[in-house]
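Each chain is listed here by its residues.
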There are 2 protein chains.
Amino acid sequence: MAKHAGVSKAAVSKVIRNDYGVSDAMRERVRRAIDELGYRPQAAARALRGRAFTIGVLMRHIGIPFYAEIMTGLVDQLAESDYQAIMIQGGTRDKTEKRALDALIDRQVDGILLIAPLVGRTQVEQVAREIPTVVLGRHVRSPAYDSIVDDDRVGSELVMDHLIALGHRRIGHITFNQEQGRAAEHVPRIRAETYERVMRDHGFADEIAVVATSYSEEGGYDGARELLSRSPRPTAIFAGSDEAALGVLAALHEAGLSVPDDISVVGYDNTRLAAHPNIALTTVNQDGVVMGRMAGRLLLERIEGRTSAVHFSVVPSLVVRRSTAAPGSG
Amino acid sequence: MAKHAGVSKAAVSKVIRNDYGVSDAMRERVRRAIDELGYRPQAAARALRGRAFTIGVLMRHIGIPFYAEIMTGLVDQLAESDYQAIMIQGGTRDKTEKRALDALIDRQVDGILLIAPLVGRTQVEQVAREIPTVVLGRHVRSPAYDSIVDDDRVGSELVMDHLIALGHRRIGHITFNQEQGRAAEHVPRIRAETYERVMRDHGFADEIAVVATSYSEEGGYDGARELLSRSPRPTAIFAGSDEAALGVLAALHEAGLSVPDDISVVGYDNTRLAAHPNIALTTVNQDGVVMGRMAGRLLLERIEGRTSAVHFSVVPSLVVRRSTAAPGSG
DNA sequence: ATGAAAGCGCTAACAC
DNA sequence: GTGTTAGCGCTTTCAT
């Protein structure tokens, strides 16, 4: 490559990196040679000496619509930089997630975005000492890394206020049963705590009914069946996620109960499906695209040298659809 | 690292790669040092000389449930190897996909899985000359790379036979309007052609009604509205994908038509949502997990040296749910 | 069976 | 403003 342009390797390197100390003529000559040869610098070689120009994203699975929104924002933000986002699946077990995280580190990524990681604060801090790190979806404010969350307290309050304003008081909640250790920073815990607090604040402490399963469709299904078996049964169910709400709807359908006439249902996340007319789920919207874009910005800033931590919170909004109504209207 | 174990770098390298010519004592010593130091080889440095131990997967977006299945199979297959799968989003435009593909190549991946790529055969062949490549979801049999497809002819026949057996003859179809150039290898084209062929074979040539929009929910919505505006309107709609079928359901809902009493709807892909009781979509199941596992196997084989091309076809099956019934039953 | 040495393709520091 | 040089952390070849 350098030979073809009749210049030194260093000159080529400088042109590619837009480094200073290159004459226009030199730049032009190198540019032409690059085009003629279709030359592309090898990321591995660059990584060995400097940067890999790669942002690694760790997520449990792909296939989750909300994650897709995050990626849209991230890619959009990185588009103007020289950085590329690569993704890796961590799975749902500690061990597989660890392996995936190690794989990113081995590949010398310049920044890491952890989406709702299983790994705890201490371990993330260890990684963050070496590599700029942003955690999305964990309510933890470490000085060692940045975080981005939706304000789950506000979102949950929106849900509860909506239901209570409609006249509900026997409201059930389905949450995600996670390990206790670091649960305080976990989203399901915050949504559940807010649910309980609002219930108490309104004098409905006796009506509190929380079932801990998971945020999956299956978890919602099981949770709803459990809630329905109680007597009297709730007039509304606040599922901790849209996924779980889908399971709730399935269980209600199976039980021959109609929504919202017999029972109101609320989700959280505003996945694309919630908007479908056959579902029409009242839910909380958190702007994943904005969160992803912010993640990209924070990572680029850290790569450029910022060391102080930034903790960003997105304000959610309630989207009211046809799955909620006043109780006993059917 | 080598110093800590009191051996040469070459010895460490051999132990890590399970190369021959290492005594048990040496292996033991190196292993212990690795554990003590928590040593991990840098992929970038390895890539420069040998392999990156990385499989790159290019897909349009994450967030597509079927792609998640493919990844599950791929990761499962690679779990027993030293290879890691990383994903990159190509987006829906030629240009962004090209950029993503280049990014994988720059990162020296050892193998590439292209999921329903926009890029055409010639360009893929160029890549495949350098890097083992598997294409999933394109009906093209190149001698230069492997391919994995669902047998879309069989799947589409299953759909049509089902509808015709129920008594439908005015069946509409919604397809994906792609560039004509290389359309022959594209899935939507094959599904549409099979639809037309079966219609003709049964003497329903006059009833053929194809609307070309896209395989998205919006595309299905628009397509359905177009089909409903015709007179007489179809008694059944075969949407080319579940996504599109969701849009069809939305349009029917809006038009006050009930499914399946007024009109039957069939999708394709058996995404998780199709199974939800509020949707209950009759659709075609293609085993994404099997396809992903096969992709991993083919890539590993190619990395090990296979040069002849393998073309693998998965046999789909029909999943009948409540969105189809005999015509005029309502 | 083991180690010394060369070199993969870049970047950074320095000399000119 | 440009070229030369050293070296990033591995793998590979070749002595020993």
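Shown above is the structure to which this text applies.
None of these values were measured; they are calculated from a predicted model. (Residues numbered from 1 in each chain as written. Chains lettered and ligands numbered in written order. Predicted model: local features only at pLDDT ≥ 70, side-chain atom pairs only at ≥ 80, totals over all residues. Heavy atoms only, no water.)

## A word on the overall build of chain A
In step 1: Per the secondary structure count, chain A includes twelve helices and twelve strands.
In step 2: Evaluated residue by residue, chain A yields a buried proportion of 54% over its 330 residues.
In step 3: In chain A, once contacts between residues fewer than 6 apart in sequence are set aside, the share between residues at least 24 apart is 68%.
In step 4: Element-wise, carbon and sulfur atoms account for 48% of the exposed surface of chain A, whose accessible area totals about 14,200 Å². (Helix = DSSP H or I, 4+ residues; strand = E, 2+ residues; numbered from the N terminus. Buried < 20%, exposed > 50% of the residue type's maximum accessible area, 1.4 Å probe, protein only. Contact = heavy atoms within 4.5 Å. Areas by Shrake-Rupley, 256 points an atom, 1.4 Å probe, with all protein chains shown as cover.)

## A few points about the pattern of salt bridges
In step 1: In this structure the tally under the stated criterion is 43 salt bridges over all chains.
In step 2: As a salt-bridge pair, E226(A) and R230(A) come within 3.0 Å of each other at their nearest N and O atoms.
In step 3: One salt bridge connects K98(B) with D102(B), and the closest N-O pair in it is separated by 3.0 Å. Note that K98(B) and D102(B) are positioned in helix 6 (residues 94-106) at a spacing of four residues, about one turn of the helix. (Salt bridge = Lys/Arg side-chain N within 4 Å of Asp/Glu carboxyl O.)

## Considerations on the pairing of strand 6 (residues 171-176) of chain A
Residue and element names in this part refer to chain A.
In step 1: Where burial is concerned, most of strand 6 is hidden: five out of the six residues are buried.
In step 2: Strand direction decides the pairing type here: strand 6 and strand 8 (residues 236-239), joined by four bridges, are parallel. Looking at strand 8, one finds that I171 is bridged to A236. (Pairing = 2+ DSSP bridges.)

## What to know about the sheet that holds strand 8 (residues 236-239) of chain B
Two pairing modes exist for strands in a sheet, parallel and antiparallel, and in both the strands are linked by backbone hydrogen bonds.
Residue and element names in this part refer to chain B.
In step 1: Taken in spatial order, the four strands make up an open sheet running 7-6-8-9, and their pairing is parallel. Because the sheet does not close on itself, it has two edges, and the strands there are strand 7 (209-213) and strand 9 (264-266). Neighbour-to-neighbour, the strand axes of this sheet turn through a mean angle of 20°, independent of strand direction.
In step 2: Each of strand 6 (171-176), strand 7 and strand 8 touches helix 9 (residues 187-201); the most contacted strand, strand 6, lies at about 160° to it.
In step 3: Lying over the sheet, helix 10 (residues 217-228) contacts strand 6, strand 7 and strand 8, oriented at roughly 145° with respect to strand 7. (Axes fitted to C-alpha atoms, helices over the stretch in contact; angles between N-to-C directions.)

## Looking at the sheet that holds strand 7 (residues 209-213) of chain A
Residue and element names in this part refer to chain A.
In step 1: Spatially, 7-6-8-9 is the arrangement adopted by the four strands of the open sheet, whose pairing is parallel. Where the open sheet ends on each side, the last strands, each with one partner, are strand 7 and strand 9 (264-266). Strand-to-strand twist across the sheet, computed as the mean angle between neighbouring axes with direction ignored, equals 20°.
In step 2: On top of the sheet, helix 8 (residues 152-166) reaches strand 6, strand 8 and strand 9; it is set at about 170° to strand 8, its chief contact.

## What to know about the relation of the copies chain B and chain A
In step 1: In screw terms, the move from chain B to chain A is a rotation of 180° and a rise of 0.1 Å along the axis, fitting with an RMSD of 0.1 Å. Read as a symmetry element, the transformation amounts to a two-fold axis. Minimal C-alpha distance to the rotation axis in chain B is attained by G63(B), lying at 1.9 Å.
In step 2: When the interface residues of chain B are mapped onto chain A, 100% of them again lie at the interface, so the same face is used by both copies. (Least-squares fit on C-alpha atoms with pLDDT ≥ 70 in both.)

## Details of the layout of surface pockets
In step 1: Here the second largest pocket defines a volume of roughly 1,200 Å³.
In step 2: Around the second largest pocket, the lining comprises 31 residues; the ones closest to its centre are I16(A), R40(A), P41(A), R46(A) and F53(A).
In step 3: Elements with a minimum of two residues in the lining of the second largest pocket: helix 2 (9-16) and helix 4 (43-49) of chain A together with helix 6 of chain B.
In step 4: Ranked by residue count, the leading element in the lining of the second largest pocket is helix 6 of chain B, at six residues. (1 Å grid on protein atoms, 1.4 Å probe; cavity = no way out; pocket = protein on both sides within 12 Å on 5 of 7 lines; lining within 4 Å. Points joined across faces, edges and corners; volume = space filled by probe spheres on them.)

## With respect to unusual backbone geometry
In step 1: Each neighbour pair has its own omega, and for V259(A) with P260(A) the value is 5°, a cis peptide bond.
In step 2: Mapped onto the secondary structure, P260(A) falls in the loop between helix 11 (242-254) and strand 9.
In step 3: Each neighbour pair has its own omega, and for S231(B) with P232(B) the value is -5°, a cis peptide bond.
In step 4: Backbone geometry at F53(A) places phi at a positive 55°, although glycine is not the residue there.

## Thoughts on empty space enclosed by the protein
In step 1: Applying the stated criterion across every chain, the model contains three cavities of 30 Å³ or more.
In step 2: The volume enclosed by the largest cavity comes to roughly 180 Å³.
In step 3: Along the wall of the largest cavity there are 16 residues; nearest its centre are A43(A), R107(A), A43(B), A44(B) and R107(B).

## A word on the packing of helix 8 of chain A against helix 9 (residues 187-201) of chain A
All names here are of chain A.
In step 1: Where helix 8 meets helix 9, the closest approach of the two axes is 9 Å, and the angle between their N-to-C directions is 40°. When the axis of helix 8 is compared with that of helix 9, the two are oblique. When you trace helix 8 past helix 9, the crossing you get is right-handed. Of the residues in helix 9, those in contact with D152, R153, S156, E157, M160, D161 and I164 of helix 8 are V187, I190, R191, T194, Y195, R197, V198 and M199. (Parallel < 35°, antiparallel > 145°, perpendicular 65-115°, else oblique. Left-handed = near helix turned anticlockwise from the far one by under 90°.)

## Considerations on the protein's contact with DNA strand D
In step 1: Taken together, 23 residues sit near DNA strand D, with S23(A), R49(A), K9(B), S13(B) and Y39(B) positioned nearest.
In step 2: Looking at DNA strand D alone, sugar and phosphate atoms form 60% of those within 4 Å of the protein.
In step 3: Take S23(A): an N or O atom from its main chain is 2.6 Å from a phosphate oxygen of DNA strand D.
In step 4: Between DNA strand D and R17(B), the relevant distance is 2.9 Å, taken from a phosphate oxygen to a side-chain nitrogen or oxygen of the residue.
In step 5: Mapped onto the surface near DNA strand D, the elements with two or more residues apiece are helix 2 and helix 4 of chain A together with helix 2 (9-16) and helix 4 (43-49) of chain B.
In step 6: Among the elements that make up the surface near DNA strand D, the one with the highest residue count is helix 4 of chain B (four residues).
In step 7: Grouping the constituent residues of the surface near DNA strand D by class yields eleven nonpolar, five polar and seven charged. (Near = heavy atom within 4 Å. Polar contact = N/O pair within 3.5 Å; in protein donor to acceptor, adjacent residues only side chain to side chain. Nonpolar A, V, L, I, M, F, W, Y, C, P; charged D, E, K, R; others polar.)

## Points about the protein's contact with DNA strand C
In step 1: The local shell around DNA strand C holds 23 residues, among which K9(A), S13(A), Y39(A), S23(B) and R49(B) are the closest.
In step 2: Considering DNA strand C, the proportion of its atoms within 4 Å of the protein that are sugar or phosphate atoms stands at 65%.
In step 3: At 2.4 Å from a phosphate oxygen of DNA strand C is found a side-chain nitrogen or oxygen belonging to S13(A).
In step 4: A distance of 3.2 Å separates a phosphate oxygen of DNA strand C from a polar backbone atom of S8(B).
In step 5: Of the residues forming the surface near DNA strand C, the biggest block, four residues, is contributed by helix 4 of chain A.

## As for the interface of chain B and chain A
In step 1: The interface of chain B with chain A comprises 47 residues on the first partner and 47 residues on the second.
In step 2: In this assembly, chain B packs against chain A so that about 4,200 Å² is buried in total across both faces, 54% of it on carbon and sulfur atoms.
In step 3: For the chain B face of the interface with chain A, the top three residues by lost area are I62(B), M87(B) and R107(B), together amounting to 15%.
In step 4: Counting across the chain B and chain A interface gives seven salt bridges.
In step 5: R272(A) is the partner of E243(B) in a salt bridge, and the nearest nitrogen-oxygen pair spans 3.4 Å.
In step 6: If you list the elements that add at least two residues to the side of chain B that touches chain A, you get helix 4, strand 1 (54-59), helix 5 (65-78), strand 2 (84-89), helix 6 and helix 11 (242-254) of chain B.
In step 7: Among the elements that take part in the side of chain B that touches chain A, strand 2 of chain B stands out by supplying six residues, more than any other.
In step 8: For the side of chain B that touches chain A, the per-class residue count stands at 28 nonpolar, ten polar and nine charged. (Buried area = accessible area lost by both parts, 1.4 Å probe.)

## Here's the deal with the environment of S13(A)
Residue and element names in this part refer to chain A.
In step 1: Positionally, S13 belongs in helix 2.
In step 2: Its relative accessible area of 29% is what places S13 among the partly exposed residues.
In step 3: A sequence separation of ten residues divides S13 from K3, and the C-alpha atoms of the two residues are 13 Å apart.

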